[in-house]
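The lines below spell out each chain.
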Amino acid sequence: MPKSVLVVYGTTNGSTAQIAEAIADVLRKDGLTVEAQPARSAANVASYDAVVVGGGLYAGRWQKDARRFIRHHRRPLTERPLWLFSSGPLDASASERDIPPVPGVKKAMAALDAKEHITFGGCLEEGAKGWIARMILSKGKGGDFRDFTAIEAWAARIGAELTS
């Protein structure tokens, strides 16, 4: 039974980090030892029994730190259970239907033999970094579309699989 889980996230404005922390909290409640770390500083995958990696979606691509983490840790990620998540749609679509992974994430799923990928709604609020984010907000398209009930349910499924 895997006992330690690394939850890694690539985020620019923090909303993907909050999703990762929610996932980590659920896994801890399932009795697992869990660390949530930003992809930029996560180092030693080999010391964990399972890994969850998430990235915010920006212009149809995973956030750059998440992409770099996957590339840099390719080998150890293939040697343990791996789940992937994306956050990003700034509407209710992620709560209404399954959204397939963007092409780069789909390719990573196949290369790393990931168990599953899920897309959660995103969050973009005033004060967000980046000119694209500011442009989106100026057009009134921001908001918080994360569904923490769905996020926690997904994490509980991972926890059940890891503790069975």
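So, how was this worked out
- Residues numbered from 1 in each chain as written.
- Predicted model: local features only at pLDDT ≥ 70, side-chain atom pairs only at ≥ 80, totals over all residues.
- Heavy atoms only, no water.
- Axes fitted to C-alpha atoms, helices over the stretch in contact; angles between N-to-C directions.
- Helix = DSSP H or I, 4+ residues; strand = E, 2+ residues; numbered from the N terminus.
- Parallel < 35°, antiparallel > 145°, perpendicular 65-115°, else oblique.
- Left-handed = near helix turned anticlockwise from the far one by under 90°.
- Contact = heavy atoms within 4.5 Å.
- Nonpolar A, V, L, I, M, F, W, Y, C, P; charged D, E, K, R; others polar.
- Patch = residues over 30% accessible without salt bridge, like charges linked within 9 Å, V, L, I, M, F, W, Y side chains within 5 Å.
- Areas by Shrake-Rupley, 256 points an atom, 1.4 Å probe, with all protein chains shown as cover.
- Salt bridge = Lys/Arg side-chain N within 4 Å of Asp/Glu carboxyl O.
- Lys, Arg positive; Asp, Glu negative; His and termini not counted.
- Charge placed at Lys NZ, Arg CZ, Asp CG, Glu CD.
- Buried < 20%, exposed > 50% of the residue type's maximum accessible area, 1.4 Å probe, protein only.
- Arc of directions from axis to C-beta.
- Polar contact = N/O pair within 3.5 Å; in protein donor to acceptor, adjacent residues only side chain to side chain.
- Core = buried A, V, L, I, M, F, W, Y, C linked by side-chain atoms within 4.5 Å.
- Phe/Tyr/Trp six-rings, centres within 6.5 Å; stacked < 30°, edge-to-face > 60°.

(A) The arrangement of the packing of helix α1 (residues 15-29) against helix α7 (residues 148-163) in detail. Closest axis-to-axis distance for the α1/α7 pair is 8 Å, and the angle between their directions is 45°. Of the possible angle classes, the one that applies to α1 and α7 is oblique. For the pair α1 and α7, the sense of crossing is right-handed. Residues Gln-18, Ile-19, Ala-22, Ile-23, Val-26 and Leu-27 of α1 touch α7, and the partners they reach there are Phe-148, Ile-151, Glu-152, Trp-154, Ala-155, Ala-156, Ile-158 and Gly-159. Class assignment for the residues of the contact of α1 with α7 results in eleven nonpolar, two polar and one charged.

(B) Structural context of a positive patch on the surface. On the surface, Arg-61, Arg-71, Arg-74 and Lys-107 cluster together into a patch of positive charge. Within the secondary structure layout, Arg-74 lies in helix α3 (residues 74-78). Given the relative accessible area of 39%, Arg-74 is considered partly exposed.

(C) Inspection of helix α2 (residues 64-72) at higher detail. Every buried residue of α2 is listed here: Asp-65, Ala-66, Phe-69 and Ile-70. What you see down the axis of α2 is that its buried residues fit within an arc of 135°, all on one side. Away from the buried face of α2 by more than 90 degrees, exposed residues Arg-71 and His-72 are located. Summarising the contacts, the buried residues of α2 are in contact with β1 (4-10), β3 (50-58), β4 (61-62), α3, β5 (82-87) and α5 (103-112). Looking at where α2 begins, the residue whose side-chain oxygen comes 2.7 Å from the main-chain nitrogen of Asp-65 is Gln-63.

(D) Structural view of the nonpolar core. Judged by nonpolar contacts, the single largest core of 25 residues is most densely connected at Val-5, Val-7, Ile-23, Leu-27, Val-52, Phe-85 and Trp-154. Among the secondary structure elements, those contributing two or more residues to this core are β1, α1, β2 (33-38), β3, β5, β6 (116-120) and α7. Here this core gets eight residues from one element, more than from any other, and that element is α1. The residues contacting Leu-27, other than those within four sequence positions of it, are Val-5, Val-7, Leu-32, Val-34, Ala-155, Ile-158 and Gly-159.

(E) How the structure looks around the packing of aromatic side chains. The tally for this structure, following the rule as stated, stands at three aromatic pairs. Both rings, one in Phe-85 and one in Trp-154, keep their centres 6.2 Å apart while their planes meet at 70°; by these two values the pair is edge-to-face. Separated by 69 residues along the polypeptide, Phe-85 in strand β5 and Trp-154 in helix α7 bring together distant segments of the chain. In this structure, Phe-85 and Trp-154 share a single accessibility class: buried. Each ring, one from Phe-120 and one from Trp-154, has its centre 5.8 Å from the other, and the planes form 75°; the classification is edge-to-face. With a gap of 34 residues between them, Phe-120 in strand β6 and Trp-154 in helix α7 connect regions that are remote in the sequence. Site record: aromatic cluster; members linked through ring pairs are Phe-85, Phe-120 and Trp-154.

(F) Just the pattern of salt bridges, in detail. Under the counting rule described, the total for this entry stands at six salt bridges. A salt bridge links Asp-25 to Arg-28, with the nearest nitrogen and oxygen atoms 2.9 Å apart. In this pair, Asp-25 and Arg-28 both sit in helix α1, three residues apart, roughly one turn of the helix. In this structure Asp-25 comes out as partly exposed when scored by relative accessible area, which is 38%. Taking relative accessible area as the criterion, Arg-28 reaches 35% and is therefore assigned partly exposed. In this structure, Asp-65 and Arg-40 form a salt bridge, with 3.2 Å as the shortest nitrogen-oxygen distance. In this pair, Asp-65 is assigned in helix α2 and Arg-40 in the loop between β2 and β3, connecting sequence segments 25 residues apart. Connected through salt bridges with shared partners, the residues Arg-40, Asp-65 and Arg-68 form a single ionic network.

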